[in-house]
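Summary of structural features
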Amino acid sequence: MRGGGGGRSGAAMRRATPLVLVLMMVGRGMVVVAASRAGASTPEVQSLRGKWRLWNGNGSVVLGGEVPGCVHTALQRQGLIQDPYYRFNDVMYRWISLDNWTYSRTFNTPFDIRKWQKVNLVFEGVDTVAQIRMNNITLGRTDNMFIRYSFDISSLIREVNVVEVHFSSAISYAAEQSRSHKGYSIPPACPPPVQQGECHVNFIRKEQCSFSWDWGPSFPTQGIWKDVRIEAYNHYHLIYFSSTPFFEKSAQQWSLEIKATFDAVSSKPVAGLVTVSIPKLQTQQTFGVKLQPGEGSIVLLVNINKSATVEAWWPNGHGKQTGYNMTTTFSMEAGYQIEKFSKAYFRTVELVQEPIPGSPGLSFYFRINGRPIFLKGSNWIPADSFQDRVTPDILWLLLKSAADANMNALRVWGGGIYEQDEFYDICDELGIMIWQDFMFACALYPTDQSYLESVRAEVSHQVRRLKSHPSIILWSGNNENEAAIASNWFSIPAADKELYIKDYIMLYVENIRELVLNEDQSRPFVASSPTNGLETIREGWVSQDPYDTHYGDTHFYDYQSDCWSWTVYPKTRFASEYGFQSWPSFSTIEKVSSTEDWSYTSNFSLHRQHHEHGNDQMLQQIEHHFKLPQGTDPIKKFRDMIYLTQVMQAQCIKTETEFYRLSQSEIIKGEGHTMGALYWQLNDIWQAPSWASLEYGGKWKLLHYFAQNFFAPLLPVAYEDKGVLYIYAISDLHGDHTLTLRVVVHTWSSLEPVCTLAKEGVTVKAQSAVPIYKESINDLLERCRSCTRESCVITFCLVGEGELQSPVNHHFLSSLKDAVGLEKIQLNASVSQQDDIYEFVLQTTGIAPFVSLDVGSIKGRFSDNGFLMTEKKKVVVFYPWEPTSVQDLEKSLTLTSLLDIV
């Protein structure tokens, strides 16, 4: 378990001489339970992971399946269906989700039943609507994918047992819930037809995008998607454990709030001692505690030794991600001891909303450990429709790719799932801050009593499970539901609006917010995204205009306007969603398609595009600045279209992100102080056109390579206003630096610069965006004699002492379809191996825009890609994610530049 601390159980084992030990995962870290005096019994845990039987409603399909798992992956493993992602299978396999399926497992009890006061059957995750039976007795029902279910089976368990989980179709259940909701409708009823999805997803507490989304297929799964086990114990049992840090400014002291939730089985209170030890911080404290019968919590405040130096946890790019090994020992009078090994992290987070001089409204930015941090990153969606296919290795690959692109933040979007424990462990380790939505998105929701009770159980479970993670910096109630009411997405008559606002407040404010504030005082909460923050509260939780640039965060999409024009973009306080689509690489599409699908207008291409007019919008955006391919070879034409969509997406999001970054330090006409840029979206759920920068499987699109540069800690950015060229220096560095700005102008027809300028002694202030260069375009063209807007291009970079250097940036003076002097060139690459990486030496006979290296389905990433090549030679490094060879790379390599598109 990455960053978990499991390796420390050995010492405990050596201390507890002839005793049996039980290891379990509880919250974060490892739990070791040891009997500590004669007659005391160590709890027993038996996992029921592994092989189960499953069958459909009428028994016509019977097969073996894995737990954790789901019906679709079980059917595929047995060869009964193809890959669900192949061609049109999302529609062909709709029958699977419409049927009802049963999981069954027979198991022997490995312990003497009579020894135990309590035995539970625990499901960490059931997807979703099911009746749980054991030995022909119904234990209970489940209707929420995001809840941990525990059933008392003390009186039912025998030597040989049969557990059955009878699932009902999520589609049928959602439709039934909608029908039985009398009085008024809860929109939207169904997704747009282009999504080929299912209806009434807002009536079921299940991954909302599993009924389809505008970037994903409809696969409403059924299955046991997380761990399932038997737990037997006497006296008391640890259910949740968390530690959250606080810093007392006046005393200049760190403390940790430790919360432990127990089930105490005895009929009278259980007393004992709890010792918390953090050796590296010379901190050890012992508390006397008393557990009341039943389920309850104890809260301890541990003061960290003031003479110890506490290293804080910092976001990626701002410092180290230090965590401290902590042991919490519960020694209760009932006779056995629980040792909980975990990591303690120290960091503070504030969401700062205060007046800004020269501007109406309020700021909206995050201060981590007292330092304002510009959030650079993206939005996370589920990595697969079938969660059992998402391994820790896949999570690591995707999250490491985010960190490698200089990201420090991701928003876990509210239409997916609360991610696996490993996801947050990796974010803790990599310094990726998480904006955590609750799982409500783009819909209104019911507020009847049973629904609210289910949501309350979900929220308290998830907050208890996740709040120890320093990476999580914000809880957010929902995705776009305040905006849906304010902008009347669902055409609600004016007379009914108050009814829906009342429901909205009931769900997100009176229930979710109250629970979150009660469970976790260590980080902020907002009710929605986008939101106007404090202004939204002042306006009664649904503001007139949740997209107001003077408050909170904004979501912004515009596929019609020219994306190269910065004037299109909102000068917002915080951009939490924005983006453009592109197609994934041919090698990614090839795996799930056949030859007749390989054209931009094929049935397959239309079927995969779940966003209304999405394919046309990409063409429109491309045509602003590039020529469309006119060739006669259909497969080359398709590959060229894919390349152009990726170039267009990368250049559009580069322009928009750079605009947000350069707006961080100034107010213009009351707008600005932008302190976050999270583009939509990081990853893909399947192989299809989408807004993602990482394809399904993890391959980097050109956008992701661009992100590595536009999120660089030091970056010069250029834009034009009324015929004047401005260059800003953007710095996330913690100190001021004196740098040299190098500006180079080329004609498109020559690798020799026509003019260069070195501006020395440029002062770049810490964590700011400052203007460092200004010149009218006419003067610049005059200075570089042989230049016109169409014939020349500008590149520029910042250089400091030692290794300090920014990426080389570019500014186009005209559309590339109007560029004069761009001619066919020779571009080639030689490959060589250096230890465990590979070097590609590129050579060109002329300037080459948007040079793309693609090695097909060989897994790995390049050090740079999609670049403007203005020098004869460039070395690009390839980092493989699996073993490969020079021969394989040479054979797979495709080199493309804009000049290859005909």
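Quick look at the structure, then. (Residues numbered from 1 in each chain as written. Predicted model: local features only at pLDDT ≥ 70, side-chain atom pairs only at ≥ 80, totals over all residues. Heavy atoms only, no water.)

In this section: the sheet that holds strand S47 (residues 860-862). Read from one edge of the open sheet, four strands run S44-S45-S49-S47, paired in antiparallel fashion. Edge strands, defined here as strands with exactly one partner in the open sheet, are strand S44 (827-834) and S47. Sheet twist, expressed as the average angle between the axes of neighbouring strands with direction ignored, equals 25°. As defined by bridge partners, S47 adjoins strand S49 (residues 873-880) across three bridges and the pair is classed as antiparallel. Paired with Gly860 across the two strands is Pro880, which belongs to S49. (Pairing = 2+ DSSP bridges. Helix = DSSP H or I, 4+ residues; strand = E, 2+ residues; numbered from the N terminus. Axes fitted to C-alpha atoms, helices over the stretch in contact; angles between N-to-C directions.)

What follows is about the state of the cysteines. Here a disulfide denotes one covalent bond, and it connects the sulfur atoms of two cysteines. Here the structure, examined in full by the defined rule, presents four disulfides. Residue Cys755 pairs covalently with Cys784 via a disulfide, S to S 1.7 Å. Here Cys755 and Cys784 share a disulfide; its torsion about the S-S bond, 50°, makes the bridge right-handed. Note that Cys755 is positioned in strand S40 (residues 755-764) and Cys784 in the loop between helix H17 (777-783) and strand S42 (792-799), a separation of 29 residues in sequence. Looking at Cys755, the relative accessible area reads 14%, which means it is buried. Here Cys787 engages in a disulfide with Cys792; their sulfurs sit 1.8 Å apart. Across the disulfide from Cys787 to Cys792, rotation about the S-S bond amounts to roughly -90°, and the bridge is consequently left-handed. (Disulfide = S-S within 2.5 Å. Buried < 20%, exposed > 50% of the residue type's maximum accessible area, 1.4 Å probe, protein only.)

A few words on the sheet that holds strand S38 (residues 724-731). A sheet is described by the order of its strands in space; here three strands give the open sequence S37-S38-S41, paired in antiparallel fashion. Since the sheet does not close on itself, it has two edges, and those belong to strand S37 (714-721) and strand S41 (768-776), each with one partner. Averaged over all neighbouring strand pairs, the angle between strand axes comes to 20°, with direction disregarded. Examined bridge by bridge, S37 and S38 share eight bridges and lie antiparallel to one another. Considered in S38, the bridge of Asp721 is made with Val724. Packing against the sheet, helix H15 (residues 634-662) makes contact with S37, S38 and S41, and its axis sits at approximately 100° to S37. (Contact = heavy atoms within 4.5 Å.)

What follows concerns the pattern of salt bridges. Applying the stated criterion across every chain, the model contains 40 salt bridges. Across the salt bridge formed by Lys206 and Asp127, the nearest N and O atoms sit 2.6 Å from each other. Here the residue Lys206 occupies a position in the loop between helix H5 (170-180) and strand S13 (211-213), and Asp127 occupies one in strand S8 (residues 126-127), the gap between them amounting to 79 residues. A relative accessible area of 1% places Lys206 in the buried class. Measuring nitrogen to oxygen at the nearest pair gives 2.6 Å for the salt bridge that ties Asp520 to Arg523. Taken individually, Asp520 and Arg523 each receive the classification buried, so the pair is uniform in this respect. (Salt bridge = Lys/Arg side-chain N within 4 Å of Asp/Glu carboxyl O.)

Turning to the pairing of S44, a few remarks are in order. In this structure, S44 lies alongside strand S45 (residues 837-844), joined through eight bridges in antiparallel fashion. Each bridged residue has a counterpart across the sheet, and for Ser832 the counterpart in S45 is Glu839. Between S44 and the antiparallel strand that follows it, S45, lie two residues; Asp835 among them carries a positive phi value of about 55°.

A few words now on the packing of helix H8 (residues 449-466) against helix H10 (residues 497-519). The relative placement of two packed helices comes down to the angle between their axes together with the axis-to-axis distance. Packing of H8 against H10 leaves a shortest axis separation of 10 Å and a crossing angle of 30°. Considering their axes alone, H8 and H10 lie roughly parallel with respect to each other. For the element pair H8 and H10, the recorded crossing hand is right-handed. Judged by residue contacts, Leu452, Val455, Arg456, Val459, Ser460, Val463 and Arg464 of H8 engage Met506, Leu507, Glu510, Asn511, Ile512, Leu515, Val516 and Glu519 from H10. Split by residue class, the contact of H8 with H10 holds nine nonpolar, two polar and four charged. (Parallel < 35°, antiparallel > 145°, perpendicular 65-115°, else oblique. Left-handed = near helix turned anticlockwise from the far one by under 90°. Nonpolar A, V, L, I, M, F, W, Y, C, P; charged D, E, K, R; others polar.)

Inspection of the entire model under this criterion finds 64 aromatic pairs. Between Phe88 and Phe604, the ring centres sit 6.4 Å apart and the planes meet at 85°, which makes this aromatic pair edge-to-face. Linking Phe88 in the loop between helix H2 (71-77) and helix H3 (89-92) with Phe604 in helix H13 (residues 603-608), this pair joins segments that are 516 residues apart in sequence. For Phe88, a relative accessible area of 25% puts it in the partly exposed group. Aromatic rings pair up to connect Phe556, Trp566, Tyr569, Tyr578, Phe659, Tyr660, Tyr719, Tyr726 and Tyr728 into one cluster. Above the ring of Phe440, the side-chain terminus of Arg205 is found at 3.9 Å from the ring centroid. The ring of Phe867 carries Lys874 above its face, with NZ or CZ at 4.6 Å from the centroid. (Phe/Tyr/Trp six-rings, centres within 6.5 Å; stacked < 30°, edge-to-face > 60°. Lys NZ or Arg CZ within 6 Å of the ring centre and 35° of its normal.)

What follows covers the environment of Val516. You can see Val516 is positioned in helix H10. When the C-alpha positions of Val516 and Val463 are compared, they lie 7.0 Å apart, and in sequence the two are 53 residues distant. Excluding residues within four positions of it along the chain, Val516 makes contact with Phe438, Val459, Val463, Trp475 and Phe525.

Attention now goes to helix H14 (residues 614-625). Along H14, the residues classified as buried are Gly614, Asn615, Gln617, Met618, Gln621, Ile622 and His625. In an axial view of H14, the angular spread of the buried residues amounts to 160°, which keeps them on one side of the axis. The inward-facing, buried residues of H14 abut H13 and H15. (Arc of directions from axis to C-beta.)

What follows concerns the side chain of Glu164. Its location among the elements puts Glu164 in strand S12 (residues 160-167). One buried charge, Glu164, has no salt-bridge partner; the nearest side chain with opposite charge is Arg133, at 4.5 Å. (Lys, Arg positive; Asp, Glu negative; His and termini not counted.)

Moving on, we get to unusual backbone geometry. With an omega of 0°, the peptide bond running from Pro187 to Pro188 counts as cis. Turning to its location among the elements, Pro188 is positioned in the loop between H5 and S13. That bond from Trp680 to Gln681 is cis: its omega, 5°, falls within 30 degrees of zero. Topologically, Gln681 is positioned in the loop between strand S36 (676-679) and helix H16 (702-710). The backbone of Gln196 shows a phi angle near 50°, a positive value even though the residue is not glycine. Along the chain, Gln196 turns up in the loop between H5 and S13.

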